[in-house]
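# Remarks on the overall topology
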Amino acid sequence: MNALISAKEKISAGGRLNFDETLALYEDNDLLYLAESARRVKKRKTGKKIFYTVNRHINLTNICSANCPLCAFQCRSGDNRAFTLELDDIKKILHDAAQVKSLSEIHIVSSLHPDKNFSYYVDAVKLVKKILPHVGINAFTPVEIVNFAKISGKSFAEVLKELISAGVTSLAGGGAEILSDRVREIICPKKCSASEWLEVMKIAHKLGLKTNASIMYGHIETIQERIEHLIKLRDLQDETGGFMAMILFPFHPENTELGKKFNLRRVGSWENLKMLALSRLVLDNFAHFKAFWVMLTLPIAQLALNFGADDLDGTIGEEKIIHAAGAKSSAGITRQKLEKIISECGYRPVKRDSFYNAL
């Protein structure tokens, strides 16, 4: 049977798409069909709800030993852009964050600092827990966990257990980029491998730690590698059920070595919406999909709510990593503006905690 016909029959019947069917849907390029199909799946899973959280991002440092061509955020020690937050700096940020009404999550991701010990990151988490004991701590990507294991001599499981004991309640989903070692060797050769990223997530899930997942597309990967990435996530979710949400990151090439080397340009809104809808259809075992407005811009994030997304992430407070790569969106947003964006689409705003419990 023709793969496209088979794909549409499966979508109508609620079946699971295979690789060839997913590729056929991508190449067919029928954006409105994908939107309608993804929207139907979203409504079946979460109805008219669109989630958001009142959160605060904290980037501990931008000094990094990985020096990925993919990244515009990282720099070397001594660079005039370099910064590292010490505990007193973090304490001030947290006291400011504590003044935000209904704050429900602190989100911590950083770079791979060449000199900071694992204890620095543990102490940062403990500080969050001490000052904001009732707030969820969504912290660190598998890339960082692999680095913590390397610098501490501990296993992945030991690192995760120590972070959980310190107060981490969920793991960030970044650093997946494309789960292909061919791609990673070019875009982030000093980061963890694809298998290490998946292994950290598998261990985290078995320890009871919920996590997010992600994909970063629109650089040097093939469409086939994007689909393989999605299927790897789906397979792990079948095994563990530990992923809460999927986040799609279009690559921002500005100010990156990778962008200059390959003369890359940002993908357009059509591609962003198509990838979101397609991912919603492929990842049939994921409940939630984020339209990360910082990456997409607010107007496209609002459109994405009709392409399968059911979450606008949150208020953020101050985002640095994506803005270093040329993002023109605001660094933060108010709860009222998020609710207005959601309501305009005919959906119901739902303020959530890290685990999608309504608050």
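Owing to the predicted nature of the structure, the values given are computational and were not obtained by experimental measurement.

Let us now look at the overall build of the protein chain. Check the secondary structure of the protein chain and you find 16 helices and ten strands. The C-alpha extent of the protein chain, read off along each of the three principal axes, is 60 × 45 × 40 Å. The buried share of the protein chain, reckoned over its 359 residues, is 58%. Long-range contacts, defined here as pairs at least 24 residues apart, represent 74% of the contacts in the protein chain between residues at least 6 apart. Total accessible area on the protein chain is roughly 14600 Å²; 51% of this is exposed by carbon and sulfur atoms.

What follows is about the nonpolar core. Ranked by internal contacts, the top residues of the largest apolar core, which has 119 residues, are Ile 106, Phe 140, Trp 197 and Met 246. No other element matches helix H5 (residues 118-131), which puts eight residues into this core. With sequence-adjacent residues up to four places away left out, Met 246 is seen in contact with Ala 213, Ser 214, Ile 215, Leu 230, Leu 233, Leu 283, Phe 286, His 288, Phe 289 and Lys 290. Within the second largest apolar cluster, five residues are counted, among which are Phe 51, Met 244, Val 350 and Tyr 356.

The next subject is helix H1 (residues 3-13). Along an α-helix, a turn takes 3.6 residues, which lines up residues three or four apart on a common side. Those residues of H1 that fall on the buried side of the exposure criterion are Ser 6, Ala 7 and Ile 11. Down the axis, H1 shows its buried residues gathered within 135 degrees of arc, on one side only. Along H1, exposed side chains directed more than 90 degrees from the buried face belong to Ser 12 and Ala 13. In this fold, the buried residues of H1 make contact with helix H2 (19-28), helix H3 (31-46) and helix H12 (269-282). The N-cap residue of H1 is Asn 2: its side-chain oxygen and the backbone nitrogen of Leu 4 are 2.8 Å apart. Phi turns positive, to about 80 degrees, at Gly 14, one or two residues after H1.

Looking at the secondary structure, you find Asp 313 in strand S9 (residues 311-314). At 2.9 Å, the side chain of Asp 313 forms a polar contact with the side chain of Lys 290. Setting aside chain neighbours within four positions, we find Asp 313 in contact with Phe 51, Tyr 52, Thr 53, Asn 55, His 57, Lys 290, Phe 292 and Arg 352.

The tally for this structure, following the rule as stated, stands at 17 salt bridges. With a closest N to O distance of 3.6 Å, Asp 79 and Arg 81 form a salt bridge. You can call Asp 79 partly exposed: its relative accessible area is 29%. What emerges from the salt-bridge pattern is a single network uniting Arg 16, Asp 238 and Asp 284.

As a further point, take the pairing of strand S6 (residues 210-217). Within S6, seven of the eight residues are buried, which leaves it mostly tucked inside the rest of the structure. Note: strand S5 (residues 170-171) against S6, two bridges, orientation parallel. When the sheet's bridge partners are listed, Ser 170 is paired in S6 with Lys 210. Of the strand pairs in this sheet, S6 and strand S7 (residues 243-250) are connected by seven bridges, and their pairing is parallel.

What describes a pair of aromatic rings is the distance from one ring centre to the other and the angle between the planes of the rings. Inspection of every chain in the model, using the stated rule, returns eleven aromatic pairs. Between the aromatic rings of Tyr 121 and Phe 140, the centroid separation amounts to 6.0 Å while the plane-to-plane angle is 85 degrees, which identifies the pairing as edge-to-face. You can see Tyr 121 sitting in helix H5 and its partner Phe 140 sitting in the loop between strand S4 (136-139) and helix H6 (142-152), a full 19 residues away along the chain. We classify Tyr 121 as buried; its relative accessible area is 1%. On the basis of relative accessibility, which here comes to 0%, the residue Phe 140 falls in the buried class. A centroid spacing of 5.4 Å and a plane angle of 20 degrees characterise the contact between Phe 243 and Phe 286, whose relative ring orientation is stacked. Here Phe 243, found in strand S7, pairs with Phe 286, found in the loop between H12 and strand S8 (288-290); they are 43 residues apart in sequence, far enough to count as distant. With respect to class, Phe 243 is no different from Phe 286; both count as buried. An aromatic cluster of at least three residues, connected via ring pairs, comprises Phe 118, Tyr 120, Tyr 121, Phe 140 and Phe 148. Directly above the ring of Tyr 347 sits Lys 48, whose terminal nitrogen or CZ lies 4.8 Å from the centroid. The ring of Tyr 26 has Lys 274 sitting right over it, with the charged end atom 3.6 Å from the ring centre.

Rules behind the numbers
- Counting from 1, residues in each chain are numbered in the order their sequence is written.
- Per-residue local features are limited, in this predicted model, to residues with pLDDT of at least 70; the limit for side-chain atom pairs, both in listing and counting, is 80 or more; totals at the level of whole chains, interfaces and linings are taken over all residues.
- The side-chain quantities take in all heavy atoms of the structure and omit both hydrogens and water.
- Put simply, DSSP H or I for four residues or longer makes a helix, DSSP E for two residues or longer makes a strand, and each gets a number counted from the N terminus.
- Each residue gets one of three labels from its accessible area relative to the maximum for its type: buried under 20%, exposed over 50%, partly exposed in between, using a 1.4 Å probe on protein chains only.
- By the convention used here, residues are in contact when the closest approach between their heavy atoms is within 4.5 Å.
- The Shrake-Rupley method, run with a 1.4 Å probe, gives the accessible areas here. Residue values count only the displayed protein chains as cover.
- The definition of a nonpolar core used throughout is a set of buried Ala, Val, Leu, Ile, Met, Phe, Trp, Tyr and Cys residues joined through side-chain atoms within 4.5 Å.
- Here the arc refers to the directions that run from the helix axis out to each C-beta atom.
- Side-chain atoms alone can form a polar contact between residues adjacent in sequence; in general such a contact is a pair of N or O atoms within 3.5 Å, and within protein one must be able to donate a hydrogen while the other accepts it.
- The salt bridge definition used is simple: a Lys or Arg side-chain nitrogen within 4 Å of an Asp or Glu carboxyl oxygen.
- By the convention used here, strands pair only if DSSP detects at least 2 bridges between them.
- A pair of aromatic rings is counted whenever rings of Phe, Tyr or Trp (Trp by its six-membered ring) have centres within 6.5 Å, and the orientation is called stacked for planes under 30 degrees apart, edge-to-face for over 60 and tilted otherwise.
- Only Lys NZ and Arg CZ are tested; either one counts as a charge over a ring when it is within 6 Å of the ring centre and within 35 degrees of the ring normal.

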